[in-house]
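Notes for the structure review
Given next are the chains, with one letter for each unit.
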Protein chains: 2
Amino acid sequence: MTRTIRLGDDGWSIQILDQSALPREERLLRLASLDDAAAAIRDMKLRGAPLIGVAGAYGLALALRADPSDAGLERARSVLLATRPTAVNLRWAIDDVTAHVAHLPPKERSPAAYARAGAMADDDVAICRRIGEHGLPILRDLAVTARRSPLQVMTHCNAGWLAAIEHGTALAPVYAAHAAGLALHVWVAETRPRNQGHLTAWELGRAGVPHTLVTDSAAGHLFSRGQVDVVIVGTDRTTRGGDVVNKVGTYLKALAARAHGIPFYVAAPGPSIDWTLLRGADVTIEERDPAEVGAPPGTPVSNPAFDVTPADLVTGLITERGVARASVDGLAALYPEKA
Amino acid sequence: MTRTIRLGDDGWSIQILDQSALPREERLLRLASLDDAAAAIRDMKLRGAPLIGVAGAYGLALALRADPSDAGLERARSVLLATRPTAVNLRWAIDDVTAHVAHLPPKERSPAAYARAGAMADDDVAICRRIGEHGLPILRDLAVTARRSPLQVMTHCNAGWLAAIEHGTALAPVYAAHAAGLALHVWVAETRPRNQGHLTAWELGRAGVPHTLVTDSAAGHLFSRGQVDVVIVGTDRTTRGGDVVNKVGTYLKALAARAHGIPFYVAAPGPSIDWTLLRGADVTIEERDPAEVGAPPGTPVSNPAFDVTPADLVTGLITERGVARASVDGLAALYPEKA
């Protein structure tokens, strides 16, 4: 399976890779109903913003296949939106499909929803592929200037294939470089408390890219011993000023990269740019369940899920349109229609 | 029990707090023989450089009580040294006791070893108490200048009572300030992969000091949201130039403190200063068992145990003789006899 989600061979059911079984087991799941899709999203059998959005869109298509009425559409929307209430992409995808099908006669709704979900998946694949293409020359040039083989790349969390449909974001340049024959080694931070680094290590291993998992704290040591040539991470949200909201721990890596003169790149798909927001400091950071941290019972715990890396620590934003400076002007130059 | 190790009420056995049962259970252990002492050290029922040293010294006293011959002394030395081959304090303590007893007639050896071990413990307690006294005014002044109550302190790993005999090093100023009525709150980093932060949280809770455990990665977020007024950590080894070797993850906190203009202090007992070494960059960092990280089977893992924080990121070294600048001159001024 080369995509994390795809249409089944029967032409209507949906096949996904069950990420809750990874990295222990590579298990495929068949989604044949609204409830199957909702359960898969809710139980985190798939994760990553674009993937959740596409899964929601296919969930709507499955629902409309069974009940294409206005009431059926409304019920499907509320079931899907309730699965991950804070997932922005999920709401966006469901609203987008709804806008494409609500005006149609009931019997045309499900096919239109399938088409829209498929187009969304294709769009994401194209965006990720282009991020890989724009990132590849950066890695190739660094391998020359750093005079190192393999080139030492550091990443955080999972911004790979598993968080998208294909290629991934931060890992797209890595996969592109690997495919082009550039020798690489990736330092994978385990990414407490949910250990998404384990997924990244699994992905890289499956693709044959040499890698080593380290604790999040080990980054400082690796930088100070000259073991890192470049950092590439993903982003959950980038402001129009270039501040990067990403998995907690990203900011410390950016500070260390700056202190050691190492480039720090962020793979930022256009849809992840929040044009309504200038400053990352204004973003409310989600505080997640303290139980995730696994502290002894009774221990007071705080569990912020993200942090903000200010634009001035970001060497460049690798988008599907090219590499932008992390600034209002840098992003506006690539996305003039948004700025 | 106010000390992590002490002479039993029978006047000869040794009582320790079993740290391998913490924070689940507060269990005391009685050591009545060389083998008891060796097992306690080897199985990490006690940890922390000074504590291991004192335990080794008492182990020698117990051994000499059973067999005070030259052969008995030699055997006890090798059994104890084999428990934690890389623990510098253990070797130092055993050599020190040996030097005090080897020239004595056999029947005087065990009492002399007990006396020496007790003196070592008292010395450590006095050093830690004085670190607390020298650190207290720093915290008091910061509470005024930061205009914050409670004062927000961040620490890493466990450099508390449990790593010493009493008071601790990094936590000594915290305990002194708490006793003096200064309102404090401590951010405790979990300290992967061995989670010594759980021990720190347990200690602070037992002492009634408000605290919150966070992942190691959360430090960046806390700094960027203005939630930290001062960092205090311990040190495994400080060079005569003021570079600080401490638990991996310390360096990233020092970088973040510098970026945000927050003072970064290191509690550095005189015996932890390595007068033979100028640069921390020359220290070989111990690579520990990858299994500690708990990655899925087959994942390549690197597990460096320490990192080096360069002197220029250290606001001050809190020693038992006062607060030193982290530099050759700063340390030489406090320890002229060593410099």
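The preceding data block contains the structure.
The following paragraphs examine the structure supplied in this document. (Residues numbered from 1 in each chain as written. Chains lettered and ligands numbered in written order. Predicted model: local features only at pLDDT ≥ 70, side-chain atom pairs only at ≥ 80, totals over all residues. Heavy atoms only, no water.)

Residue and element names in this part refer to chain B. Looking at the secondary structure, you find A179 in helix α6 (residues 171-179). Accessibility expressed as a relative area gives 69% for A179, which makes it exposed. A sequence separation of 35 residues divides A179 from V144, and the C-alpha atoms of the two residues are 17 Å apart. (Helix = DSSP H or I, 4+ residues; strand = E, 2+ residues; numbered from the N terminus. Buried < 20%, exposed > 50% of the residue type's maximum accessible area, 1.4 Å probe, protein only.)

Turning our eyes to something else, we now look at unusual backbone geometry. What you tend to see is this: most non-glycine residues have negative phi, and most peptide bonds are trans. Omega for the bond connecting S149(A) with P150(A) falls within 30 degrees of zero, at 0 degrees, which places this linkage in the cis form. Within the secondary structure, P150(A) is located in the loop between α5 (106-145) and β4 (151-155). The backbone of C157(A) shows a phi angle near 60 degrees, a positive value even though the residue is not glycine. Relative to the assigned elements, C157(A) resides in the loop between β4 and α6 (171-179). Here C157(A) falls in the buried class, since its relative accessible area comes to 9%. The residue M44(B) is not glycine, and still its phi comes out positive at about 55 degrees.

On a regular strand, each side chain points to the face opposite its neighbour's, so the side chains alternate between the two faces of the sheet. All names here are of chain B. The side-chain alternation of strand β13 (residues 316-319) yields two buried faces, one formed by G316 and I318 and the other by L317 and T319. One ladder, built from three bridges, connects strand β10 (residues 264-267) with β13; its direction is parallel. Its bridge partner being in β13, V266 is matched across the sheet by L317. As paired strands, β13 and strand β14 (residues 322-324) are joined by three bridges and run antiparallel to one another. Residue pairing across strands places T319 opposite G322, the latter belonging to β14. Where β13 folds back onto β14 in an antiparallel hairpin, the turn is made up of two residues. (Pairing = 2+ DSSP bridges.)

Residues and elements named next belong to chain B. In space, the three strands of this open sheet follow the order β1-β2-β3, with antiparallel pairing throughout. Each end of this open sheet is capped by a strand with a single partner; those strands are β1 (5-7) and β3 (28-31). Across the sheet, the mean angle separating the axes of adjacent strands is 25 degrees when strand polarity is ignored. Here helix α2 (residues 49-66) sits on the sheet in contact with β1, β2 (14-17) and β3, set at roughly 30 degrees to β1. (Axes fitted to C-alpha atoms, helices over the stretch in contact; angles between N-to-C directions. Contact = heavy atoms within 4.5 Å.)

Function cannot be inferred from these measures alone, as they are strictly geometric.
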